[in-house]
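A structural walkthrough
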Amino acid sequence: MDQKQYNVTGMSCEHCAASIREEVSEVPGVSEVVVDLAGNAVTVHGTDLEDERLRAAIVEAGYGIADSIAA
């Protein structure tokens, strides 16, 4: 299983987290999306995760990405 982590800007509430979870969950290969509001982090678990598609989903949800760490 792959994992990717993103530092996301603009999140401030549970609605923000839900929006990101919903958009990112639709990306092929994603099995779990964990949003840490306090840490401004989104961790994605799955198989054959495509960084560009995950980033696009976060942006589509209305948020920015400070940087990412592939784990």
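What comes next is a walk through the structure. (Residues numbered from 1 in each chain as written. Predicted model: local features only at pLDDT ≥ 70, side-chain atom pairs only at ≥ 80, totals over all residues. Heavy atoms only, no water.)

It is worth spelling out the environment of alanine 56 at this point. Locating alanine 56 in the fold gives a position in helix 2 (residues 51-60). Spatially, the C-alpha atom of alanine 56 lies 13 Å from that of arginine 21, the residues being 35 residues apart in sequence. (Helix = DSSP H or I, 4+ residues; strand = E, 2+ residues; numbered from the N terminus.)

Here helix 1 (residues 14-25) contains twelve residues, and its C-alpha end-to-end distance of 16 Å stays within 8% of the 16 Å for a straight helix at 1.5 Å per residue. Along helix 1, the residues classified as buried are Cys16, Ala17, Ser19, Ile20 and Val24. Projection of helix 1 onto a plane perpendicular to its axis shows the buried side chains occupying an angular sector of 160°, all on one side. Facing away from the buried side of helix 1, by more than 90 degrees, are the exposed residues His15 and Glu22. Residues of helix 1 that are buried sit in contact with strand 1 (2-9), strand 2 (30-36), strand 3 (41-46) and helix 2. (Expected span 1.5 Å × (residues − 1). Buried < 20%, exposed > 50% of the residue type's maximum accessible area, 1.4 Å probe, protein only. Arc of directions from axis to C-beta. Contact = heavy atoms within 4.5 Å.)

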